[in-house]
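What the coordinates show
Next come the chains, spelled out residue by residue.
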Amino acid sequence: MAKRVLTTESGAPVADNQNSATAGVGGPILLQDQHLLEKLARFNRERIPERVVHARGSGAYGYFEVTDDVTGFTGADFLSEVGKRTETFIRFSTVADSLGGADAVRDPRGFALKFYTDEGNYDLVGNNTPVFFIKDPIKFPDFIHSQKRDPFTGKQEPDNVWDFWAHAPEATHQITWLMGDRGIPASYRHMNGYGSHTYQWTNAAGEAFFVKYHFKTNQGVRSLSADQASELVGKDANSHQTDLLQAIERGVNPSWTLHVQVMPAADAADYRFNPFDLTKVWPHSDYPLQRVGRLVLDRNPDNVFAEVEQAAFSPNNFVPGIGPSPDKMLQGRLFAYADAHRYRLGVNHTHLPVNAPRTAVVDNYGRDGVHATRNGSRHDKNYEPNSYAGPAQTDAALAAPLAIHGWTGTHEAPAHTKDDDFFQAGELFRLMSEDEKGRLVANIAGGLSQVTRDDVIEKNLAHFHAADADYGKRVEEAVRALRED
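These notes cover the structure that comes with them. (Residues numbered from 1 in each chain as written. Predicted model: local features only at pLDDT ≥ 70, side-chain atom pairs only at ≥ 80, totals over all residues. Heavy atoms only, no water.)

A separate point is the overall build of the chain. Along the backbone of the chain there are 12 helices and 10 strands. Relative to the 2.2 N^0.38 estimate, which gives 23 Å for 485 residues, the radius of gyration of the chain is 25 Å and therefore close to what a compact globule would have. Per-residue burial over the chain gives 46% buried out of 485 residues. The long-range share in the chain, meaning contacts at least 24 apart out of those at least 6 apart in sequence, stands at 74%. A total accessible area of about 24800 Å² is found for the chain, and carbon and sulfur atoms account for 53% of it. Averaging the coordinates of the 50 positive side-chain charges in the chain and doing the same for the 64 negative ones gives two points 4 Å apart. (Helix = DSSP H or I, 4+ residues; strand = E, 2+ residues; numbered from the N terminus. Rg over C-alpha atoms; globule rule 2.2 N^0.38 Å. Buried < 20%, exposed > 50% of the residue type's maximum accessible area, 1.4 Å probe, protein only. Contact = heavy atoms within 4.5 Å. Areas by Shrake-Rupley, 256 points an atom, 1.4 Å probe, with all protein chains shown as cover. Lys, Arg positive; Asp, Glu negative; His and termini not counted. Charge placed at Lys NZ, Arg CZ, Asp CG, Glu CD.)

Following this line, the structure appears as structure tokens:
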């Protein structure tokens, strides 16, 4: 086999990659050493801005296989036939910490999935919890600021974390998830994934349904206690990355079974609580899980930067048969995710291999910008409509239209008959065993007891009391005991 020749970025062979060019032996370095300058300049630019949230992540390729007929609910082509397989890429992540953070920490986990379908890429962006802390995107920047490093101290501050939650009673449900036993997954393979948001499916007849996605791990749910996690972080801060990488390399391919809850669109208006509220779940007794297919991960990326850090997931990447719902958090993310990628990766980030469609043909009028690779030929126009046989619209909507009514303005979320910020948090608490309740209370009290303001503590305690009397009593007693020590 011919020996490979090291070259510069322009393709010229490199004579010496061990020594810089100097003015004589031992003399100063010459500005004309193009190879040295190119290496240093490129090194300075190797990194890109990390994600504001979900900075620390791992990814893998795989496939999704349809196992059950769902054509009565959606006309999406990749779900059109039992046995059909679609290539996928998934990115798991922690949320609050930076790129250099540890994996085994108490934090929600991102579960972002890209389907490379024949009709274009479909991105499903979710978490390992079915709910979230807030229900309106206008609060999202404030929420994240409260959870990230304080501008003055440079570290996460319990005062900030719990002060925000004190003013966000709707967070009580997600806090109960986060501080419970599933708050620290043992690995990415041993946790469920959820679309979290409500989405719309539309079938071939134009009938609309609202759906929630549930990816149930086939490895079984396994989690870590706070002590186990602390020990693991000390041994391997990259524990979840290590586990995922090694499992796939060994051929132990992790898998999840996808189920959906399906709500006929007509049910939404009169449902007992707002079905588009991201802080709530739909009880399975109302809308049972229906199996759709299985997700299998079978290939590791060859380059983490190119394929994991540059992977861009946007929930506005829909395909025919799937669309958005009035979920306000989803509506905000339809803009925010794509905008974040344009900032981090550039306007042409969809040209990158990990983000580009596999089989679908991209044909539009986007031109130019940094890293553009699809600028067309001299005969292709960059405007529409035109007289030169350029791509034209289909006039076929991706999803069914949503009826709207009322006046514009900054409205609070619509109130349904049994809307409540605390009931589902109480239901979750009451489902737990005594041991689970004890660990939940200890985890909450460990953080809340560090807060320096009594009024912030009292506001948070009131939320737990409202969720369940015993829940509130236990947390209050645990916080008092820790503060008296």
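Mapped onto the fold, His 173 is located in helix 4 (residues 172-179). Residue contacts for His 173: discarding those within four places in its chain leaves Val 131, Thr 279, Lys 280, Val 281, Gln 424, Ala 425 and Leu 428.

Taken as a whole and judged by the stated rule, the model has 32 salt bridges. In this structure, Arg 47 engages Glu 46 in a salt bridge whose closest nitrogen and oxygen atoms are separated by 3.7 Å. Classification of Glu 46 as partly exposed rests on a relative accessible area of 35%. Measuring nitrogen to oxygen at the nearest pair gives 2.8 Å for the salt bridge that ties Glu 434 to Arg 474. Of this pair, Glu 434 sits in helix 10 (residues 434-448) while Arg 474 sits in helix 12 (residues 469-484), and the two are 40 residues apart along the sequence. Several salt bridges share partner residues, and in doing so they unite Lys 135, Asp 277, Lys 280 and Asp 421 into one network. (Salt bridge = Lys/Arg side-chain N within 4 Å of Asp/Glu carboxyl O.)

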